Amino acid sequence: MTSKTDSARTTGADRSHDGDPNHGSNPLASEVRLHVDPLLDDPATRIIVCCGAGGVGKTTTAAALGVRAAERGRKTVVLTIDPARRLAQSMGLTELDNTPRPVPGIDAKPGGELHAMMLDMKRTFDEIVEAHADPERARAILNNPFYQSLSAGFAGTQEYMAMEKLGQLSSLGVSPGPEGRGEEWDLIIVDTPPSRSALDFLDAPKRLGSFLDGRFIRMLMAPAKASGRAGMKFVNLGMAGLSMFTGVLNKLLGTGLLSDVQTFVAAMDTMFGGFRTRADATYRLLQAPGTAFLVVAAPERDALREAAYFVERLAEDRMPLAGLVLNRVHGSGAAELSTERALAAAENLEEGGIVDREPGKGMKHGAPSPGPGSADVTDRHHDSGRHGDNDSEDDFAEPAEPADPSGLPDSTQRPESAREPARQTEQLAAALLRLHAERMRLLTRERRTRDRFAALHPEVPVAEVGALAGDVHDLAGLRAIGERLSDGPARPGS
Amino acid sequence: MTGKGGTGKTTVAAALALALASGGKRTLLVEVEGRQGIAQLFETEALPYEERKIAVAHNGGEVHALAIDPERALLDYLQMFYKLGSAGRALKKLGAIDFATTIAPGLRDVLLTGKACEAVRRRDKNEQRVYDAVVMDAPPTGRIARFLGVNEEVAGLAKVGPVHNQAQAVMRVLKSPETAVHLVTLLEEMPVQETIDGVAELRAAGLPVGAALVNMVRPQLLDEDLLDVAESDGPGRRGGTAELGGELAHALARAGLPHADRLVAPLLTQAREHAERVGLEREQRAELAELGLPVYELGLLGEGIELAGLYQLAADLRDQLPPPREAA
């Protein structure tokens, strides 16, 4: 685990709920609140990396943090990898041009700015080539068919390029691309690529390193000097010799490809070294105190399992974790009304309606008390474990008294003509209660998955973001997400 | 089987493999991203690089599973074409295998698709297909056209030789009517948009698009009338939320709930949110319908996917699938 002190320092995380870890009825739920605003405001925070499984709202979170940071006075750039079209449009990103562009509509009064860019892998790669090779060699590389495939987005390239671009954007002293030069950012917010394996981008420098150190590369570079050291090693390994090796490769790949690769490697050789140095530097930058990783998840089992993996992996790489952003958390303004009670009351109303249809038989005052047993049976069917569903149920633990506790006049006293709308109201009320029961089941489930995470990683601060009905695709929506991020637990009814 | 991240692609792929295996068939479920998602789903230990029976389907079919490891697949290839044996291990020591599978463009994807196609075409000694269907849990929608199209690209790069021939053979299978690329989505804006984009890309690449599979469909809990009520926050005919609120409070109180007046507002809010969601889902359904693909729906399983839930999804799918044809 990345030291707790680290995360506590960068985020100002503290024990919420008045320092009582056993608050309420849910002792395991996120005891440490992640405070986003102090993190965004701290001038020492230079880079925020949002990582997480696909489909949990990573890009939206990154964009919302960007808007909030900018409107709190920081000169911010958001580097997104693959934003949804309308989200991109909301940030003024209509084309992929690999250069940070100012986002219009940001409240600049506090002195901040927001810029955003989408990563264009090929452009980033091209820029590196152009910056590090003399024109002739650059042209040779750019025209190489092997390079063209590699740079256009085969496995792994996206990760390298994300690291490269991050290195450029930070004031690492590495030479940026032609347009990026001279920009100084207070805060860089990075949205990580949707990798096949979760944290591929962390492996990028290492993989690149082992690739470049690999004897294979040397082999490829040296097919002409068959008597070289590489060739000797080959012999030592029990092969007939280098010529056989290249022969095999040629047969396998086709002669053209191998020579393309050889040309490519030869041309890239000089700049690969620099590339690797920069990737290493970026890796170290990520480990530095100015960086904060946010693991983004949704309160679903698989997403949180991924999140736990991310947390462990970041610790392994000694990357400073600031906390977990839990998106799409549901709440209820009537959370004190449990699933069981809501269903029992709904049944009650529906039974009342049936009775009512028999002429002359008015609805019994405080109709049949819901047998708690019967309600339980219904409910258990859907929701076997109801752990954590008990907050302030005291209020409702007993079957309600027959007397109308609201003290409102009883509508059953109304004349018969008023019964029809009254029954409709009862049906509506019953439907609302069933809907509520469903919501409470969802809440229970979400809480359970969160508890599971919290039990594994109790030290990780958590910020919860209430679920929205639709997707976010404008600045107002991003602002709203930012508010929710800094407010903490889902608001009632949100 | 492709789909945006988070849509449950692996689960749906597994459910399809189960559904297609029912009635005494044999299917192969293939994983290519090294995540061991299949093993997790079927609650078994990590899958090795070999085909093994992983589940029994309804009415006595079998699902086999294979997690393709590109490195091993490459060594297999070398073995197959050149009987390299220990030389293969030497190549591995040299980093050549690493190079080939992580850096060399496309080779990795060629191997993954190639291995799957080999399973599709494999026949037993009676010339019968070994598998009635092969279901691949493929990369996400954003990369699928490129992933499946990689062989074309590689066939262009490696202009002659076994790799070239292999790439072309794979492409023939992938573009044949034996293949169908299914897309998993949710009834949410981004996944639906990505599905639409993915279908366009696949069609442009000449790859056969199968069906749209809508996963995690939530039940509609209010009927149309009540949705209207919820949306307008009160039935028009009586006008005014206050009056409705009062009546609801009465009804709730009569049902035996204390503090009924305090429940009305939050319950109505939840109903409005539900109505909003149903409305959004309706829009997304309409968008999907425009693709002109068969659409299958799979219900949301409350407690996350357990094995029993997987069989339930398979049953749902089986009920919706057209009668069996010569599947690939």
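(A) Inspection of the overall build of chain A at higher detail. Regarding its fold elements, chain A presents 18 helices and 10 strands. Going through the 494 residues of chain A one by one, you find that 56% of them count as buried. Sequence-distant contacts, at least 24 apart, represent 80% of the contacts inside chain A between residues at least 6 apart. As displayed, chain A has an accessible area near 20100 Å², and 52% of this comes from carbon and sulfur atoms.

(B) Geometry of the pairing of strand β8 (residues 291–297) of chain A. Residue and element names in this part refer to chain A. Extensive coverage of β8 is indicated by the burial of seven of its seven residues. Because side chains alternate across β8, one face comprises the buried residues Thr291, Phe293, Val295 and Ala297, and the other comprises Ala292, Leu294 and Val296, equally buried. Relative to β8, strand β3 (residues 47–51) runs parallel, the two sharing five bridges. Pairing of Ile48 across the sheet is with Ala292, part of β8. Here β8 pairs with strand β9 (residues 321–329) via five bridges, running parallel. Looking at the pairing, Phe293 lines up with Leu321 of β9. Handedness of the β8-helix α14 (residues 301–316)-β9 crossover: right-handed.

(C) Layout of the side chain of B:Thr10. All names here are of chain B. Relative to the helices and strands, Thr10 resides in helix α1 (residues 9–21). A residue is classified by how much of its surface remains accessible, and Thr10, at 13% relative accessible area, is buried. Here Thr10 is in contact with Arg35, Gly37, Ile38, Leu41 and Asp137, once residues within four sequence places are set aside.

(D) Highlighting the state of the cysteines. Residues and elements named next belong to chain A. Scanning the entire structure with this criterion turns up zero disulfides over all chains. For Cys50, which is in no disulfide, the shortest distance to another cysteine sulfur is to Cys51 and amounts to 7.7 Å. A relative accessible area of 0% places Cys50 in the buried class.

(E) A look at helix α18 (residues 475–487) of chain A. Between its first and last C-alpha, α18(A) extends 18 Å over 13 residues, near the 18 Å set by a 1.5 Å rise per residue. All of the buried residues along α18(A) are A:Leu475, A:Gly477, A:Leu478, A:Ile481, A:Gly482, A:Leu485 and A:Ser486.

(F) Geometry of the packing of aromatic side chains. All names here are of chain A. Counted under the stated rule, the structure contains one aromatic pair over all chains. Ring centres of Tyr309 and Phe310 lie 6.2 Å apart, and the angle between their planes is 90°; on these two criteria the pair is classed as edge-to-face. A relative accessible area of 1% means that Phe310 is categorised as buried. Taking the ring centre of Trp185 as reference, the NZ or CZ of Lys75 above it sits at 5.3 Å.

(G) Main features of the sheet that holds strand β1 (residues 2–3) of chain B. Residue and element names in this part refer to chain B. The strand order β1-β6-β7-β8 describes an open sheet built from four strands, whose pairing is parallel. The strands lining the two open edges of the sheet, one partner per strand, are β1 and β8 (295–299). By the bridge criterion, four bridges tie strand β7 (residues 209–217) to β8 in an arrangement that is parallel. Counterpart to Ala212 in the pairing with β8 is Val295.

(H) Expanded view of the nonpolar core. Formed by 46 residues in total, the largest nonpolar core has its most connected members in A:Ile188, A:Leu286, A:Phe293, A:Val295, A:Leu314, A:Leu324 and A:Phe453. Once residues lying within four places of it in the same chain are set aside, the contact partners of A:Phe453 are A:Leu304, A:Ala307, A:Ala308, A:Val311, A:Leu324 and A:Val460. Listed in part, the 41 residues of the second largest apolar core include B:Val30, B:Tyr49, B:Cys117 and B:Val217.

(I) Molecular detail of unusual backbone geometry. A positive phi angle is found at A:Arg318, which is not glycine, with a value near 50°. With respect to the helices and strands, A:Arg318 occurs in the loop between α14 and β9. With a phi angle near 55°, B:Met216 is a residue other than glycine that sits in the positive phi range. Inspection of the secondary structure puts B:Met216 in strand β7.

(J) Examining the pattern of salt bridges more closely. Inspection of the entire model under this criterion finds 29 salt bridges over all chains. In this structure, B:Glu178 engages B:Arg129 in a salt bridge whose closest nitrogen and oxygen atoms are separated by 3.0 Å. Highlighted residues: B:Glu178 in the loop between α8 (162–175) and β6 (181–185) and B:Arg129 in the loop between α6 (107–121) and β5 (133–137), separated in sequence by 49 residues. B:Arg129 sits in the partly exposed class, given a relative accessible area of 26%. Several salt bridges share partner residues, and in doing so they unite A:Asp37, A:Asp41, A:Arg68, A:Arg72 and A:Glu483 into one network.

(K) Main features of the environment of A:Leu119. Along the chain, the position of A:Leu119 falls in the loop between β6 (113–118) and α5 (121–132). For the pair formed by A:Leu119 and A:Thr99, sequence separation is 20 residues and the distance between their alpha carbons is 8.3 Å.

(L) Quick look at the side chain of B:Thr2. On the secondary structure map, B:Thr2 appears in strand β1. Other than its neighbours up to four places away in sequence, B:Thr2 contacts B:Lys9, B:Pro139, B:Pro140, B:Thr141, B:Ile144, B:Val181, B:His182, B:Leu183 and B:Val184.

Conventions adopted
Residues numbered from 1 in each chain as written. Chains lettered and ligands numbered in written order. Predicted model: local features only at pLDDT ≥ 70, side-chain atom pairs only at ≥ 80, totals over all residues. Heavy atoms only, no water. Helix = DSSP H or I, 4+ residues; strand = E, 2+ residues; numbered from the N terminus. Buried < 20%, exposed > 50% of the residue type's maximum accessible area, 1.4 Å probe, protein only. Contact = heavy atoms within 4.5 Å. Areas by Shrake-Rupley, 256 points an atom, 1.4 Å probe, with all protein chains shown as cover. Pairing = 2+ DSSP bridges. Right-handed = clockwise from strand over helix to strand, strands pointing away. Disulfide = S-S within 2.5 Å. Expected span 1.5 Å × (residues − 1). Phe/Tyr/Trp six-rings, centres within 6.5 Å; stacked < 30°, edge-to-face > 60°. Lys NZ or Arg CZ within 6 Å of the ring centre and 35° of its normal. Core = buried A, V, L, I, M, F, W, Y, C linked by side-chain atoms within 4.5 Å. Salt bridge = Lys/Arg side-chain N within 4 Å of Asp/Glu carboxyl O.

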